[in-house]
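# Notes for the structure review
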Amino acid sequence: MLDTHSAPALNALRTQAFEDFRRQGFPSRKVERYRYTDVAAAFAPDYGVNLRGLSIPVNPYEAFRCDVPNLSTSLYFVANDRFYDTMPRGGETSIKKRPALPEGVIIDSLARVALERPELVAPYYGRLARSSKDAINALNTMLAQDGVFIYVPRHTVVPRPIQVVNILRADVPLMANRRMLIVLEEGAQLQLLVCDHTMDDHDFLATQVVEAFVGEDAHLEFHELEETHPTNHRFSNTYADLSAHSVATLGCITLSCGLTRNRTDVTLSGEDSEVNLIGAVVADGNQHADNNTLIDHRVPNCRSNELYKYVLDDSAVGAFAGRVLVREGAQKTSSRETNANLCAAPTARMYTQPMLEIYADDVKCSHGSTVGQLNDAALFYMRQRGVPEDEARLLLKFAFVGEVIDGIRLDALRDRLHYLVEKRFRGELGRCAGCGENVKCGER
Amino acid sequence: MLEIRDLHVSIGGKEILKGIDLVVKEGEVHALMGHNGAGKSTLSNVIVGHPAYEVTQGSITFNGHDLLAMKPEERAHEGIFLSFQQPVEIPGVSMVNFMRAALNAKRKYLGLEPLAAGDFLKLMREKRKIVELDNKLTNRSVNEGFSGGERKRNEIFQMAMLEPTLSILDETDSGLDVDALRVVGEGFNKLRTPQTSAIVITHYQRLLDYIRPDVVHVLIDGRIVRTGGPELAMEIEQRGFDWLKPDS
């Protein structure tokens, strides 16, 4: 049944993925890269899976406004696990070319492109996100039927940012498994924002696998912004492979979540490539946010910068494990990794584990992490000037996260994020609780 | 205006102030002099409500209100300003946002509407001139990368923005070269009105050449041992503090 609502290029990997998953099972805390998140507990509830690919009953283009409006004229939706078409269903099967996109650029349903242009999908799909290495990859590959496919051909620059909004909407607890495949050919440039939302507070579990192939000299700016309900469970694995002279900035901002576990693996496989990983987590209540990253320096002369910051309040739990691997021969590597965390309440917990493994002898690498509280001297200084204590705390937290946001080169998103983070700290961002058919997100 | 009666203050169980009596009237400038460790900074910190200090005895009233019952921010709104000895850096908080938050909080306390963005920036420009503070500095994060002199000028700039009625300058002259001292001293004088008062804490006469005190107090070991006019500061400049010690 899974196969009939998908495409051969996706179906081809299912059997092996099933075997891989059966062999691995849900990762326990003894699996190093899952030690901070209880995966089995997240999967324990009885979730429905939309095997038949039924469409959700609302049109997100009409009912939903994301918190980052006006960023892009090129807005796409993934509803649960399907790419959502604006056009009426039935009859139309051709790959849409939106007028805003340059010649040859494809942004469309992964299943549809895999069916009609398998030569664009098959060489890439599942190549980075190996199901043999990660149980979530295996599960997702076994079950995913659709998602988003983005293709930017040689020397093509997509001039405006693209925005993809994932929404989860259901009347019963639901598991959704979605994919994203991004292929940038030589010299291509793309700016992409993916927003992750839940529209109601059913138990959701979403697995997501993103694979990004960044060709020679290509530039990718890819940001994910999560604003979901406390009842959401998110397992997202992002893989990027960088060819020579390419630059990728991968951002992951968790503004509100339930249980989130993000894995980001970057392979620098071409010389003179550069990756910037940035992340911010704002969590309170019982929220759980776990970021697990790997930067693999395989060849000489590459650069990596990593900055993750967390602000945890109440009983929130944060985890960061960042491994930088400099392989033998990867000389002249330059790498910097920083994880800084604020625990605003004594009951908040942060686990941090920066890891640097170097097998080359001519490199410049640093890594470090800090966990602390708000600076009392700064707090008192501000209060002496008349800034009320709550406001002073807010300004300090906001400033702390601001350093991450300033690393975003997508201007509209950066400005909007400053605003959203401030609202979040003020408690005005109701954890997406206002989302729904009648209450529009952007108007809260 | 400010009335301190029999004030005893401890920090970590150690008594620092051992019965201070001090009355500052409207329009007066009081100089507070004394060795390091005499309790000068403790006194200023207690007036602005620093949480580390414990008042074990005595009272402080300000315009008739019980100051010790107020939060630090409320004391600021009532018109008390402390120019810190070592102003802290606050990375990521811009001077503009910081001052806007401070000023609008005070206006709210006084029942006024927040200042419109344009008016606020105009005010920033005007007040900056008083201490010759560079535009580049007010566009930066609070005190981040400021030199010692710039930080002190920035304190007086903030004083100009907030228009306090009682200013406490805690060793504002320390670490200043002659030019910066002049700018700070003259800046302070421009802000003086017949209604504003000040407590100037210093080791030396040199700041008092710019800011002329009406009353000079000498603090030794947690007590005010001598009170006099400006001539007392001159005498200290000549003779030091030791001759004032109670047992000498």
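Heads up: these notes are all about the structure in this document.

Reading the values: rules and limits
Residues numbered from 1 in each chain as written. Chains lettered and ligands numbered in written order. Predicted model: local features only at pLDDT ≥ 70, side-chain atom pairs only at ≥ 80, totals over all residues. Heavy atoms only, no water. Axes fitted to C-alpha atoms, helices over the stretch in contact; angles between N-to-C directions. Helix = DSSP H or I, 4+ residues; strand = E, 2+ residues; numbered from the N terminus. Parallel < 35°, antiparallel > 145°, perpendicular 65-115°, else oblique. Contact = heavy atoms within 4.5 Å. Buried area = accessible area lost by both parts, 1.4 Å probe. Salt bridge = Lys/Arg side-chain N within 4 Å of Asp/Glu carboxyl O. Nonpolar A, V, L, I, M, F, W, Y, C, P; charged D, E, K, R; others polar. Buried < 20%, exposed > 50% of the residue type's maximum accessible area, 1.4 Å probe, protein only. Lys, Arg positive; Asp, Glu negative; His and termini not counted. Polar contact = N/O pair within 3.5 Å; in protein donor to acceptor, adjacent residues only side chain to side chain. Pairing = 2+ DSSP bridges.

### What about the packing of helix H3 (residues 95-109) of chain B against helix H4 (residues 117-130) of chain B?
Residue and element names in this part refer to chain B. Packing of H3 against H4 leaves a shortest axis separation of 11 Å and a crossing angle of 110°. Here H4 runs roughly perpendicular to H3, going by the angle between their axes. Counting all contacts with H3, which are made through Val96, Met99, Arg100 and Leu103, the residues of H4 involved are Phe120, Leu121, Leu123 and Met124.

### Looking at the interface of chain A and chain B
Much of the literature gives interface size as the accessible area that the parts lose upon coming together. Contact with chain A, which involves 16 residues of that partner, is made by 29 residues of chain B. When chain A packs against chain B, close to 1,800 Å² is buried across both sides, 71% of that on carbon and sulfur atoms. With a closest N to O distance of 2.5 Å, B:Glu155 and A:Arg385 form a salt bridge. Elements that contribute at least two residues to the side of chain A that touches chain B include exactly helix H8 (376-384) and helix H9 (389-405) of chain A. At seven residues, the largest contribution of residues to the side of chain A that touches chain B is made by H8(A). A breakdown of the residues in the side of chain A that touches chain B according to their chemical character gives ten nonpolar, three polar and three charged.

### Comments concerning the pattern of salt bridges
Residue and element names in this part refer to chain A. By the definition in use, this model includes 40 salt bridges over all chains. Taking the shortest distance from any N to any O, the salt bridge between Lys309 and Glu403 comes out at 2.5 Å. Of the two residues, Lys309 is situated in strand E16 (residues 303-312) and Glu403 in helix H9; the sequence distance between them amounts to 94 residues. On the basis of relative accessibility, which here comes to 6%, the residue Lys309 falls in the buried class. The exposure class assigned to Glu403 is partly exposed, which follows from its relative accessible area of 45%.

### A look at the side chain of A:Arg261
Residues and elements named next belong to chain A. By the secondary structure assignment, Arg261 is in strand E13 (residues 259-268). Here Arg261 occupies a buried position and makes no salt bridge, while the nearest side chain of opposite charge, Asp290, is found at 4.3 Å. For Arg261, the side chain forms a polar contact with the main-chain oxygen of Arg33, separated by 2.3 Å. When near neighbours in sequence (up to four residues on either side) are disregarded, Arg261 contacts Arg33, Tyr34, Thr37, Arg234, Phe235, Ser236, Asn237, Asp290 and Asn292.

### Quick notes on the pairing of strand E18 (residues 334-343) of chain A
Residues and elements named next belong to chain A. Along E18, seven of the ten residues are buried, which leaves the element largely enclosed by surrounding structure. Of the strand pairs in this sheet, E16 and E18 are connected by ten bridges, and their pairing is parallel. If you follow Leu307 over to E18, its bridge partner there is Thr338. Both E18 and strand E20 (residues 364-372) contribute to a ladder of nine bridges, which runs parallel. For Asn341, the partnering residue across the bridge sits in E20 and is Val371.

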